[in-house]
Amino acid sequence: MTDITASAPVVGRSLWADALARLKANRAAMFSLFYLTLMALVCVFGPNFTPHAYTTIYPDYVRTQPSLSAYPKPEMIETALQDVVRRMRADLEDWHEQDERVFVTISSPKTIDERVTRYLDRSDTFDNARIESKSPDGLKLTMSATVKKQYFFFGTDNTGRDLLTRTLMAGRVSLSIGLLAGCVAVAIGVLYGATAGFLGGKTDEVMMRIVDVLYSLPFIFFVIMLVVFFGRNFVLMFLAVGAVLWLDMARIVRGQALSIRRQEYVQAAEALGVGSGGILRRHIVPNLLGPVVIYMTLLVPQVIILESFLSFLGLGVQEPMTSWGVLISQGAKNIGSANWLLLFPAFFLVSTLFALNFVGDGLRDALDPKDR
Amino acid sequence: MLRYVFRRLLTAIPTLFVIVTISFFLIRVAPGGPFNQERGLNPFIKANLNRQFGLDEPLWMQYLNYLNNLLHGNFGPSYNLPDFTVTELFKVGLPVSIQVGTSALILALIIGGILGIVAALRQNKAADYAVIATATAGSTIPTFVIAPIYQLTFATTLALVPVATWGNGALLNKIGPIVTLALPQIAIVARLMRGSMIEALRSHHIRTARALGLSDWSIIVKHALRGALLPIVSYAGPAAAALLTGSIIVETIFQIPGVGRYFVEAALNRDYTLVMGTVVVIALFTIVFNLIVDILYAVVDPRVRYD
Amino acid sequence: MASDETILSVEGLHVRFHTLDGIVDAVKGINMHVKAGETVAVVGESGSGKSQTMMAAMRLLASNGEATGTVAYRGANLLTLTKAELNEVRGRKITMIFQEPMTSLDPLYTIGNQLMEPIMRHRNVGAEEARREAIKMLKLVRIPEPERRMKSYPYEMSGGHRQRVMIAMAIANDPDLFLADEPSTALDVTIQAEILNLMADLRKRLGMSMIFITHDLNIVKRIADRVYVMRLGEHPYTKALLAAEPTGHKDPVPKTTPTMLAGTDMRVTFKVGGGLLAGEPIYLKAVDRVSVTLKRGQTIGIVGESGSGKSTLARALLKLLPSEGSIHFDGRHIEKLDPQAMRPLRKQLQIVFQDPFGSLSPRLTAGQIVTEGLLVHEPSISSRERDRRAAQAFTEVGLDPANRNRYPHEFSGGQRQRIAIARAIILKPKVVVLDEPTSALDRQVQKQIVELLRDLQKAHNLSYLFISHDLAVVRAMADHIMVMKDGRMVEQGSPEQIFDHPHEDYTKRLMAAAFVDHAEASA
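Throughout, residues of each chain are indexed from 1 in the direction in which the sequence is written. Each chain takes a letter, starting from A, and each ligand takes a number, starting from 1, following the order in which they are written. Local features in this predicted model are restricted to residues of pLDDT 70 or higher, and side-chain atom pairs are both shown and tallied only at a pLDDT of 80 or more, whereas totals for entire chains, interfaces and linings draw on every residue. Values shown for side chains rest on all heavy atoms present in the structure; no hydrogens or waters enter the calculation.

### Observations concerning the overall build of chain B
1) Next: By definition, any uninterrupted DSSP run of H or I lasting at least four residues is a helix, any uninterrupted run of E lasting at least two residues is a strand, and each is numbered from the N terminus. Within chain B, the regular secondary structure consists of 12 helices and 0 strands.
2) Next: When its helices and strands are written in sequence order, chain B yields α-α-α-α-α-α-α-α-α-α-α-α.
3) Next: Within chain B, buried positions represent 50% of all 307 residues.
4) Next: Of all intrachain contacts in chain B linking residues separated by at least 6 positions in sequence, the fraction that spans at least 24 positions is 75%. Burial here depends on accessible area, computed with a 1.4 Å probe over protein chains only, as a share of the maximum for the residue type. Under 20% is buried, over 50% is exposed, and the range in between is partly exposed. Residues count as neighbours in contact if any of their non-hydrogen atoms are within 4.5 Å of one another.

Listed below in structure tokens is the structure:
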């Protein structure tokens, strides 16, 4: 007999490879995937590179408009100076700018303590203050200081915190919560649904009845109760939220498991004498993976919206930590005076949701092409 | 059919019972109580208040009392708004929520339905893509973004409508909440309608109708649309229950005196009776609308029989 | 009776579909003519473009389809008519019925309503007259109690009656040309025959022309004046198609041959409905006291219409379904064995399913599928040895072993069925249940699979339980035949007895429907 294994077998194209090729051909999905990756990277690493910490408060820069050029603007220097001088309990005599330094002359009815330069240093606008000259009676003092250049690309919020850093921090929170709760929901849903679908019969009936009852409870009631229980620990809370969102997943997986179990290839495996473990591992799980992946991409935006929704109501993430929902809620309260507080976080949230949506659609088309 | 309705309402009782029981114990297990909020409340007064509302009795007694009251249609007093009973609060709030919700629902069904049909008839053409894009946007952008942006555009910038007030329900003040509430629903209805209409138009009996030379009107309206309505009907039932019992976000942002906002406030304040009342009302609406869906199903589809 | 007047002429018809994978040419330049009063059959395998030709003529192509060329009905090119002009022709001059009687009627309206609609549209008559006309049509297609049936909904009728209603709708406006796209394929054989007789009869009475699309040459012989054969969107290959009927017959095994598998008094009952809140469940007797004895090297053919319980019986014998009665395999009783104890025996009892698409897991390679049984029954062998055995099994069933790492969707229907057969024989079984193994395949491929099965039987001395509703295939394969109806065995015997001298009425009807020659001989 000739050695037939010698003929090198052709490598086949699995359904996964097909799906990947289809996904790659989908421009909207690929662009969205790229955008999401970028968004995740920027949110995770961005806050370390922005010039401000997300908790730093700049009293001089409350509700500052977004700008690409540096602050302070020339007209702001005088206001800031007046502010500082008032704190020194002195009068502003004169000021001018020269060689990147501001020269200030102040006067007071009482002798001026030289330590007043501290007020300049303490301000958000000035730095490196020093005494230039002092009148002999000590009632007049000339100081100089450099102007601190600050960049607020997205402007600042109500308390003078940099909105760019906060938006990125918020993204970190929102995205990680979406992923975390999404994974929890998928894990519970898949386990529950697969068990019900695989065991079938009475067990299945009882398990699904439980799901029905949970469905009929107002969902928001559940979530609010969880908030009440877990309070400010957002990780725990969103584990819990994930634990609520598994219902749909369980139904989908159960339906799939039931239908796969009825497929002839599973019957064929049973006829070969393959045990439950082998059927589960080789036939049911690989064929379930597609719908699970598709549903997961639907679930993540759902969780992000839910988190934002709770945060919007003040039930979610607590200050100084922030999330897109918190920022949008603050923005909504200030639409009259500072619309950027709404627009930037809203753009980040909505564009992320869109991208997730396109990736989900792309995956669905790729994994289940007949569903067009 | 009447017997079926009666039987369905009977089976709703155990469901309602389960919901009430789970909710009752869940909220009671939660830490805190209705009178813990007011700081420095004299412990004596607090104990008095607890006694007055029967909160010092064992939990199971309170549960039985609550069930008993509920059977008599009595939702009890509100703990945090002591001048009102829960029933009174609903009498004021529910009509407002229902009015806004119904308008939004009707708007969504009409506009969403038309958009979906147009898209299905022009499948893969410009009009279809426009509808898909709008529907994607509408269902992706959350209400709590749409509402402030609406206010920013129409109230603050263009000054066409008043900012975030109810103003006793003047029409101009209602546009905002109704539109914001309707937008996501329009998107969902349009998507559903498009899908089910495409499916219906592809079905074999439509091919038969075309082969028999029937008019477009008959094909689209008589033969395709009627079948395509079923998914919309099953979506609209639960959606109606949710819309009519008030939207937390929309009522908060537009300051509408409906019942939607009670839920969050009451849960946070441990206003037990008010929370329970809201749960029961939502559950009742859900049950009733699911029943309506089933009845409509039988009306649309002769294969569905309930006897 | 055909005159010389040509009423339909198709010239250079091309049909293309724009799909995600590019443009697919379904019909490539067809020419065809139909004269007044004649019946033309269009024959071809699935995918040959015969249906799409008729769909294109009726302008019923899916939205991604495009037709070029001319389809002239009495001089007017149907492909370029305006919609209003077209709708004066469709349903009035040319009508069409389809393969799917179960779904071709609108489920939401009564039969009467649907019948009256085309009458009112094309004849400009009132509802009352349309109603009378509709009842007349129902009588014409021999629907009993037509007045009462007018108020019925489609779901209340059988497939055969629905197809009759479709025919009634099609002929209601006294058309010139009647297109029938496999109108009997989805129906049981005995009902098929009735529908075909009805159509032939109506054609004579109404004097219309008819185009009959089918893949069944028996039907062609019975009703057509002329035949067009299509293949891959083009014309002819009559010869290959005609030669493709499975032929040959199997000699019976000697009486002394030992029994391999026997079932005595087999009963299978299904519970329908019932549950936590649902009412009383109904019990259906899917198999009712049937006994089978399968000897070594024997092939028992089990025939019957869908729902007769033939597949259920086979699965019960393999203990893939719970059943009552005693099962005897290779000298021991197996009816009481639990799945654990059955496992070692599974190696010797194999099954090949009907659907070569559904019976192979889409996520595994062909090689993995074929060797799955080895994982269970010979867990000790190395993966290299498994691979070698897979290649060997591939060769044996006539597949190129180089393709063993490909996935099922990369194979054709016939190749997939070969993979399924390889999966069964790699374990060296003694009994193989073949559950309609050729039904989903085209005639030519059917013939090859039948030959493969026959060769394998000889090589390994296999016993087959061959289930099919296709009597031609059974005749070629089996040396003993059982006829089943409604879960009971009606008749059994040698192929000669069953095919040539059936005793029972039911068997006679079955044979009459399946073999025209016999029908005419016995009539």
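### Focus on the packing of aromatic side chains
1) Next: By convention, a stacked pair of Phe, Tyr or Trp rings (six-membered ring in the case of Trp) has centres within 6.5 Å and planes under 30 degrees apart, an edge-to-face pair has planes over 60 apart, and any other such pair is tilted. Counted by the stated rule, this structure contains 16 aromatic pairs over all chains.
2) Next: Judged by centre distance (6.2 Å) and plane angle (25 degrees), the rings of Tyr-153 of chain C and Tyr-155 of chain C are stacked.
3) Next: Each member of the aromatic cluster is reached from another via a ring pair, and the members are Phe-154, Trp-324, Phe-344, Phe-347 and Phe-348 of chain A.
4) Next: The ring centre of Tyr-109 of chain C lies 5.0 Å from the NZ or CZ of Lys-222 of chain B, which sits over that ring.
5) Next: Above the face of the Tyr-109 of chain C ring, Arg-226 of chain B is positioned so that its terminal group lies 4.8 Å from the ring centre. To sit over a ring, a charge needs its Lys NZ or Arg CZ within 6 Å of the ring centre and within 35 degrees of the ring normal.

### A word on helix α3 (residues 74–87) of chain A
1) Next: Expected span, for any helix, means 1.5 Å times one less than how many residues it has. For α3 of chain A, built from 14 residues, the straight-helix expectation of 20 Å at 1.5 Å per residue is met to within 8% by its first-to-last C-alpha distance of 21 Å.
2) Next: Tucked into the core, α3 of chain A has its buried residues touching β1 (91–98), β2 (101–107), α4 (117–122), β3 (126–134) and β4 (140–147) of chain A.

### Here we look at the domain arrangement of chain A
1) Next: Domain ranges listed in this record stem from an automatic or a database domain assignment. As far as domains go, chain A holds domain 1 (32–50 + 155–371) and domain 2 (72–147).
2) Next: One C-alpha centre belongs to domain 1 of chain A, the other to domain 2 of chain A; they are set 55 Å apart.

### Points about the state of the cysteines
1) Next: Any two cysteine sulfur atoms within 2.5 Å of one another count as a disulfide. Evaluated as defined, the whole model comprises 0 disulfides over all chains.
2) Next: Looking at the unpaired Cys-183 of chain A, the closest cysteine sulfur is the one in Cys-43 of chain A, lying at 18 Å.

### Quick word on the interface of chain A and chain C
1) Next: Each side of the interface is counted separately: chain A has 34 residues, and chain C has 42 residues.
2) Next: Put simply, buried area is how much 1.4 Å-probe accessible surface two parts lose in total, over both of them, once they are put together. Carbon and sulfur atoms supply 60% of the area that chain A and chain C bury against each other, a total of about 3,300 Å² over both sides.
3) Next: Here a salt bridge means any side-chain nitrogen of Lys or Arg lying within 4 Å of a carboxyl oxygen belonging to Asp or Glu. The tally of links from chain A across to chain C stands at 1 salt bridge.
4) Next: Of all the secondary structure elements, the ones that give two or more residues to the side of chain A that touches chain C are α1 (15–25), α6 (201–216), α10 (264–272) and α11 (276–312) of chain A.
5) Next: Per-element accounting of the side of chain A that touches chain C gives the leading share, 8 residues, to α10 of chain A.
6) Next: Note that Gly is not counted as nonpolar here; it falls among the polar residues with everything else outside the nonpolar set of Ala, Val, Leu, Ile, Met, Phe, Trp, Tyr, Cys and Pro and the charged set of Asp, Glu, Lys and Arg. When its residues are assigned to classes, the side of chain A that touches chain C shows 15 nonpolar, 10 polar and 9 charged.

### A word on the pattern of salt bridges
Residue and element names in this part refer to chain C.
1) Next: Scanning the entire structure with this criterion turns up 36 salt bridges over all chains.
2) Next: Salt-bridge contacts for Lys-430 lead to Asp-330; the nearest nitrogen and oxygen are separated by 2.9 Å. Of this pair, Lys-430 sits in the loop between α14 (413–425) and β16 (431–435) while Asp-330 sits in the loop between β13 (324–329) and β14 (332–333); the two residues are 100 residues apart in sequence, bridging distant segments of the chain.
3) Next: Judged by relative accessible area, which is 34%, Asp-330 ranks as partly exposed.
4) Next: Of the charged contacts in the structure, one is a salt bridge between Asp-387 and Arg-404, with a shortest N-O distance of 2.8 Å. Separated by 17 residues along the polypeptide, Asp-387 in helix α13 (residues 383–396) and Arg-404 in the loop between α13 and α14 bring together distant segments of the chain.

### Focus: the interface of chain B and chain C
Reports often express the size of an interface as the amount of accessible area lost when the parts come together.
1) Next: With 22 residues of chain B at the interface, the matching set in chain C holds 31 residues.
2) Next: Regarding the contact of chain B and chain C, the summed buried area is about 2,400 Å², with carbon and sulfur atoms giving 55% of it.
3) Next: Counting the contacts that link chain B with chain C gives 3 salt bridges.
4) Next: Of the charged contacts in the structure, one is a salt bridge between Lys-83 of chain C and Asp-216 of chain B, with a shortest N-O distance of 3.3 Å.
5) Next: Residues adjacent in sequence count toward polar contacts only when both atoms are side-chain atoms; beyond that, a polar contact is any pair of N or O atoms within 3.5 Å, and within protein one must be able to donate a hydrogen and the other to accept it. At the boundary of chain B with chain C, the tally comes to 17 residue pairs in polar contact (both at pLDDT 80 or more).

### Digging into unusual backbone geometry
Residues apart from glycine generally show negative phi values, whereas peptide bonds are mostly found in trans.
Residue and element names in this part refer to chain C.
1) Next: Its identity as a non-glycine residue notwithstanding, Arg-74 has a phi of 45 degrees, on the positive side.
2) Next: For Arg-74, the location among the structural elements is in the loop between β4 (65–73) and β5 (76–77).
3) Next: Given a relative accessible area of 41%, Arg-74 falls into the partly exposed group.
4) Next: For Arg-289, which is not a glycine, the phi torsion comes out positive at approximately 50 degrees.
5) Next: With respect to the secondary-structure elements, Arg-289 resides in strand β11 (residues 282–295).

### Observations concerning the environment of Tyr-79 of chain B
All names here are of chain B.
1) Next: Counting through the fold element by element, Tyr-79 comes out in the loop between α3 (59–71) and α4 (86–121).
2) Next: On the basis of relative accessible area, Tyr-79 is assigned to the buried category, the value being 8%.
3) Next: Here the alpha-carbon distance between Tyr-79 and Tyr-272, two residues 193 residues apart in the chain, equals 7.4 Å.

### Overview of the environment of Asp-174 of chain C
All names here are of chain C.
1) Next: Along the chain, Asp-174 turns up in the loop between α6 (159–171) and β7 (177–181).
2) Next: In this structure Asp-174 comes out as exposed when scored by relative accessible area, which is 52%.
3) Next: In this structure, Asp-174 is in contact with Arg-92 and Leu-206, ignoring residues within four places of it in sequence.

### Details of the packing of helix α9 (residues 246–262) of chain A against α11 of chain A
Residue and element names in this part refer to chain A.
1) Next: The convention used is that axes are lines fitted to C-alpha atoms, helices contributing only their stretch in contact, and that angles between N-to-C directions extend from 0 to 180 degrees. Following both chains from N to C, one finds α9 and α11 inclined at 145 degrees, their axes separated by 10 Å at the closest point. Note on packing geometry: the crossing formed by α9 with α11 is right-handed. Within the contact between the two elements, α9 uses Asp-248, Met-249, Ile-252, Val-253, Gln-256, Ala-257, Ile-260 and Arg-261 and α11 uses His-283, Ile-284, Asn-287, Leu-288, Pro-291, Val-292 and Tyr-295.
2) Next: For the contact of α9 with α11, the class distribution of residues is 10 nonpolar, 3 polar and 2 charged. With the far helix as reference, a near helix turned anticlockwise by less than a right angle produces a left-handed crossing, and one turned clockwise produces a right-handed crossing.

### Concerning α6 of chain C
1) Next: Taking 1.5 Å as the rise per residue, α6 of chain C with 13 residues should run 18 Å; its terminal C-alpha atoms sit 19 Å apart, in good agreement.
2) Next: With 12 of 13 residues buried, α6 of chain C lies mostly within the body of the structure.
3) Next: The complete set of buried residues in α6 of chain C reads Gly-159, Gly-160, Arg-162, Gln-163, Arg-164, Val-165, Met-166, Ile-167, Ala-168, Met-169, Ala-170 and Ile-171 of chain C.
4) Next: Where α6 of chain C is buried, its residues meet α8 (204–211) of chain B together with β6 (94–97), α3 (111–123), α4 (127–140), β7 and α7 (189–206) of chain C.

### Some remarks on the sheet that holds strand β1 (residues 6–19) of chain C
Residue and element names in this part refer to chain C.
1) Next: In spatial order, the strands read β2-β1-β4-β5; together these 4 strands make up an open sheet with antiparallel pairing. The open sheet has two edge strands, β2 (22–35) and β5, and neither has a second partner.
2) Next: We treat two strands as partners when DSSP finds at least two bridges between them. As judged from the 11 bridges shared by β1 and β2, these two strands associate in the antiparallel manner. Residue Ser-9 lies in a different strand from β2, and its bridge partner there is His-33.

### Description of the confidence of the model for chain A
Residues and elements named next belong to chain A.
1) Next: Known as pLDDT, the predictor's per-residue confidence is scaled from 0 to 100. For chain A, the mean per-residue pLDDT works out to 79, and 95% of the residues sit at or above 70.
2) Next: Per-residue pLDDT, averaged within each element of chain A, yields its smallest value for helix α8 (residues 234–244) (71) and its largest for helix α2 (residues 27–49) (88).
3) Next: Long-range and interchain partners of residues 1–6, a stretch whose pLDDT sits below 50, account for 9 contacts in this model, where long-range means more than four residues apart.

### Details of the pairing of β4 of chain C
Residue and element names in this part refer to chain C.
1) Next: Of the pairings in the sheet, the one linking β1 to β4 comprises 8 bridges and is antiparallel in character. If you follow Arg-16 over to β4, its bridge partner there is Glu-66.
2) Next: Note: β4 against β5, 2 bridges, orientation antiparallel. Directly across from Ala-72, in β5, lies its bridge partner Asn-77.
3) Next: Hairpin geometry of β4 and β5 is characterised by an intervening segment of 2 residues between the two adjacent antiparallel strands and by a positive phi of about 45 degrees at Arg-74.

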